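Spelled out from the first residue to the last, the chains are:
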Amino acid sequence: MSRSQSGRTIAAVASPPGPGLRGVIRVSGPSAAQLVRSCWRSTESVDPTRARGTSVGRFDDGSGEQPLLLIWMPGPHSYTREDVAEFHLPGSPPLLSAALRHLIELGARPAGPGEFTRRAFENGRLDLSQAEGVLELVAAQSEAEIRAGAALLMGGLGKRVESLRQGLDDLRALCEASLDFDQEDTGHVPRAELNRLFELVGEGFQEALGWERRRDRDRGMLRAVLLGAPNAGKSSLFNRLCRQRALVADHAGTTRDGAAATWRLPSAEVELLDSPGLDANASGVDAYAQDLAGRERAGARFALWVVDGSCTSPSAARAEGRVEPGLPCVVVWNKIDLPGAPQEPGRAWLDAAGKVREQAPIWVSVSAKSGAGMSLLEQRASELLNSGSAGLSLGRELSARHHAALGRAAEALDRARAGLGAEIGLDLVAEDLRSAGAELDELSGETTAEDLLDRIFARFCLGK
Ligand SMILES: Nc1nc2c(ncn2[C@@H]2O[C@H](COP(=O)(O)OP(=O)(O)OP(=O)(O)O)[C@@H](O)[C@H]2O)c(=O)[nH]1
Ligand SMILES: [Mg+2]
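For every chain, the first residue of the written sequence is number 1, and numbering continues from 1 onward in sequence order. Each chain is given a letter, starting from A, and each ligand a number, starting from 1, according to the order in which they appear as written. Only residues with pLDDT of at least 70 are given local features in this predicted model, and only at 80 or more are side-chain atom pairs given and counted; all residues enter the totals for whole chains, interfaces and linings. No hydrogens and no water enter the side-chain calculation; it runs on all heavy atoms of the structure.

Student: Requested: an account of the coordination of the magnesium ion (ligand 2), with residues and values cited.
Tutor: Sites may look incomplete because water is not among the atoms; the donors themselves are N, O and S atoms within 2.8 Å of the metal, or within 3.2 Å for Na, K and Ca. Around the magnesium ion (ligand 2), the protein contributes the donor atoms Ser235 (OG) and Thr255 (OG1), which lie 2.0 to 2.1 Å from the metal centre. Residue serine 235 is found in helix H8 (residues 234-242), and its partner threonine 255 is found in the loop between H8 and strand S9 (259-264); the two are separated by 20 residues along the sequence. For the pair serine 235 and threonine 255, a shared accessibility class is recorded, and that class is buried. A helix here means a DSSP run of H or I that spans at least four residues, while a strand means a run of E at least two residues long, and both kinds are numbered starting from the N terminus. Think of it in three bands: with a 1.4 Å probe and only protein chains considered, a residue is buried below 20% of the maximum accessible area for its type, exposed above 50%, and partly exposed in between.

Student: Which residues make up helix H1 (residues 32-39), and what values do they have?
Tutor: Along H1, the residues that are buried comprise Ala32, Ala33, Leu35, Val36 and Cys39. For H1, the angular spread of the buried residues around the axis is 160 degrees, confining them to a single face. Each element contacted by the buried residues of H1 is listed here: strand S2 (22-28), strand S3 (40-41), strand S4 (53-60), strand S5 (65-73), strand S6 (84-90) and helix H2 (93-105). Arc definition: it is the arc formed by the directions from the helix axis to the C-beta atoms. The criterion used for residue contact is that any of the two residues' heavy atoms lie within 4.5 Å.

Student: Describe the site of ligand 1, and please don't skip the residues or the numbers.
Tutor: Lining the immediate surroundings of ligand 1 are 24 residues, of which Lys234, Ser236, Gly253, Thr254 and Asp337 lie closest. Within the side chain of serine 235, an N or O atom sits 2.9 Å from an oxygen atom of ligand 1. By the criterion applied in these results, polar contacts are pairs of N or O atoms within 3.5 Å in which, for protein atoms, one can donate a hydrogen and the other can accept it, and in which residues neighboring in sequence qualify only through two side-chain atoms. The backbone of threonine 254 places a nitrogen or oxygen atom 2.7 Å from an oxygen atom of ligand 1. In these tables, accessible area is a Shrake-Rupley quantity obtained with a 1.4 Å probe, and a residue counts as shielded only by the protein chains included in the view. Protein chains shield 91% of the accessible area of ligand 1, which is 650 Å² for the free molecule. Comparing atom positions with the cavity grids shows ligand 1 to sit within the largest pocket. We call a residue near a molecule or strand whenever a single non-hydrogen atom of that residue lies within 4 Å of it. Here a cavity denotes grid points, spaced 1 Å and computed from the protein atoms alone, that fit a 1.4 Å probe unable to get out, and a pocket denotes an open set having protein on both sides within 12 Å along at least 5 of 7 lines; residues with an atom within 4 Å of a point are the lining. Assignment of a molecule to a cavity or pocket requires that more than half of its atoms lie within 2 Å of the corresponding grid points.

Student: Describe the side chain of histidine 88, with residues and values.
Tutor: If you trace the backbone, histidine 88 turns up in strand S6. There is a polar contact of 2.9 Å between the side chain of histidine 88 and the side chain of glutamate 86. In contact with histidine 88, other than residues within four places in its own chain, are Arg22, Gly23, Val24, Pro67, Leu68, Leu69 and Ile71.

Student: Lay out helix H11 (residues 347-357) with the relevant residues and their values.
Tutor: Buried within H11 are the following residues: Trp349, Leu350, Ala352, Ala353, Gly354, Val356 and Arg357. If you follow the buried residues of H11, they end up packed against strand S11 (302-308), helix H10 (314-321), strand S12 (329-334) and strand S13 (362-365). Where H11 terminates, the next one or two residues include glutamate 358, which has phi positive at roughly 60 degrees.

Student: Can you explain the nonpolar core? Please cite residues and give values.
Tutor: Membership of the largest hydrophobic core comes to 30 residues, with the highest contact counts inside it found for Phe205, Leu406 and Leu433. Of all elements in the fold, only helix H6 (156-179), helix H7 (191-218), helix H13 (394-421) and helix H14 (426-444) reach the threshold of two or more residues within this core. Among buried residues, the Ala, Val, Leu, Ile, Met, Phe, Trp, Tyr and Cys ones that are joined through side-chain atoms within 4.5 Å form a nonpolar core. With 28 residues, the next largest nonpolar core counts Ala224, Val270, Leu272 and Ala368 among its residues.

Student: Break down the pairing of strand S10 (residues 269-274) for me, citing the residues and quoting the values.
Tutor: Relative to S10, strand S8 (residues 222-228) runs parallel, the two sharing 4 bridges. When the bridges of S10 are listed, arginine 223 appears paired with glutamate 271. Any two strands between which DSSP finds at least two bridges are classified as paired. The sheet contact formed by S9 and S10 spans 6 bridges and is antiparallel. Bridged to arginine 264 within S10 is glutamate 269.

See the structure below:
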């Protein structure tokens with residue numbers, strides 16, 4: 001779908017699929033009024049498109065008539081800023097299909113996924129972050145996600161980005177004005193004013209990043225669990241990743257009660273759960289602890305499967321891999337610091353693990369004792385989260401995009417500020433300010449690449 005294709009009138013069923021009390025067909029574009037008049041039947045001779053509002057009549061779908069409640073919203077005061085008609089019809093799928101087919105015979109084009117919202121964006125009704133808010137709302141699965149989407153749709157991010165953009169423009173204008181004066185003529189360089197503005201815009205960035213972080217936190221934290229045999233080093237790893245002090249000992253079965261703590265990954269905060277080592281033969285209170293751990297694993301999005309690389313085997317891989325086989329995981333090949341320990345899992349071990357989990361595991365070699373491999377582990381876990389296989393919600397994906405763009409813009413601002421302090425020349429400072437602005441423009445959709453827009457809007461369902 002490209003920008004040049006807007007202009008034709010589009011139509012789609014906008015109500016959820018399946019039978020319902022009422023079904024809605026939405027039409028948007030220059031021939032919407034003409035389409036309405038072609039299908040409209042009524043005993044009174046009024047034109048329902050003469051003024052904005054609702055009219056009750058009948059819809060002629062070419063083979064018969066259906067009761068109709070028409071909502072007419074002439075542009076630019078409509079969702080897409082084009083002429084928009086909503087046909088509210090009986091919620092029967094075959095009747096809705098017949099009505100849509102008829103509108104298409106009359107010249108409308110079936111709308112692609114998200115095309116109404118894309119038009120709203122392209123016609124300046126919504127900025128990109130607001131369009132994403134619509135997307136997040138439509139895909140929301142919890143009240144928290146609905147609130148997060150609504151905050152975005154109401155312009156919470158867009159407004160912040162706009163005022164940051166203004167601040168950056170002011171800064172750049174000041175730098176460029178100063179360029180016109182002699183280097184020695186420092187009296188004309190309003191340093192105090194520049195510093196004050198830098199301070200202000202810097203604070204604005206922190207506030208915007210904080211707003212997005214809060215939105216992410218409000219959705220509830222993602223949970224990950226540590227899985228593995230007793231003594232594999234789960235608690236040691238937990239302590240390292242979350243800076244905790246869970247009990248670690250040389251004796252199998254040290255952890256009984258799981259502990260939870262926050263693990264900060266670059267793209268998300270994760271609630272990491274330590275739990276007792278897997279033991280199929282546990283009895284008494286240990287069996288109870290195993291049971292409890294199993295229940296806590298249920299809400300997890302992914303697992304770190306910790307393996308003592310110095311003493312494991314393909315048959316151990318088969319036994320351990322059978323636990324929560326559907327949970328995406330990163331294999332943490334631990335204890336590589338031990339003399340003679342294999343530095344990575346062998347083919348036979350990986351084959352055995354891959355077979356029970358029905359996919360080749362991602363793995364990383366570490367030593368929870370020395371700390372080796374921790375940043376690679378965080379990178380692998382982030383990749384797993386961002387790949388979508390851990391079921392990262394759409395909202396979180398969008399938040400990650402906002403975070404990354406705001407972060408890059410804030411870095412460019414920091415470079416500019418450092419440049420100002422180091423007296424590197426105001427033209428270079430202005431250049432960094434320009435790149436900060438470019439990042440914001442990409443965020444707000446001002447200059448976002450067409451293929452990224454295509455990818456975002458393709459996530460919408462039809463009729464939105
Ligand atoms: N050399 C070495 N020892 C480790 C490493 N990680 C853990 N250990 C040791 O292995 C033993 C078990 O570590 P824990 O972290 O308690 O293992 P766990 O998986 O939590 O064990 P349970 O709670 O009993 O299931 C302790 O003696 C740790 O010091 C490592 O990377 N290298
Ligand atoms: Mg433990």
